[in-house]
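Examination of the molecular architecture
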Amino acid sequence: MGEELDRQGRFRRVVEQVVACGTSVGANAFEADEALSSADFCKALGIVLRELAETRFWVRFIGRRGWIKEARLAGVVAECGELRAICGAMVARTRRRIAKK
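Let me sum up the structure you'll find in this document. (Residues numbered from 1 in each chain as written. Predicted model: local features only at pLDDT ≥ 70, side-chain atom pairs only at ≥ 80, totals over all residues. Heavy atoms only, no water.)

Let us look at the nonpolar core. One finds Val25, Ala32, Phe41, Cys42, Ala44, Leu45, Val48, Leu49, Leu52, Cys80, Cys87 and Val91 forming the largest nonpolar core, which totals 12 residues. Elements supplying a minimum of two residues to this core: helix 2 (12-33), helix 3 (38-65) and helix 4 (70-100). Considering every element that reaches this core, the biggest residue donor is helix 3, with 7 residues. For leucine 52, the contacting residues outside a window of four places in its chain are Val25, Cys80, Leu83 and Arg84. With 11 residues, the next largest nonpolar core counts Leu5, Val15, Trp58 and Ile68 among its residues. (Core = buried A, V, L, I, M, F, W, Y, C linked by side-chain atoms within 4.5 Å. Buried < 20%, exposed > 50% of the residue type's maximum accessible area, 1.4 Å probe, protein only. Helix = DSSP H or I, 4+ residues; strand = E, 2+ residues; numbered from the N terminus. Contact = heavy atoms within 4.5 Å.)

See the structure below:
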């Protein structure tokens, strides 16, 4: 998506934003996987949740501007929602487990 927007000559800042938040999801998920404590795990996944929300914002922004057809972006938007549900459930379960201790 970023490469296509770049080829179209779209605002460089938007291209950088969508690439940055999208790649941050993976980096922070990796960090969560390497967490030393449950609290660190939740913190890293919390960042993942925020970055997924931002990614969804930028993808929808791009679609609404007509830079890429919304139908082509629908899968990315759906995947953001699915990943948010998965990561949100992981955070909720971890926090419940912490609270029981």
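This part takes up the side chain of glutamine 17. Within the fold, glutamine 17 resides in helix 2. Taking relative accessible area as the criterion, glutamine 17 reaches 16% and is therefore assigned buried. Excluding residues within four positions of it along the chain, glutamine 17 makes contact with Glu54 and Trp58.

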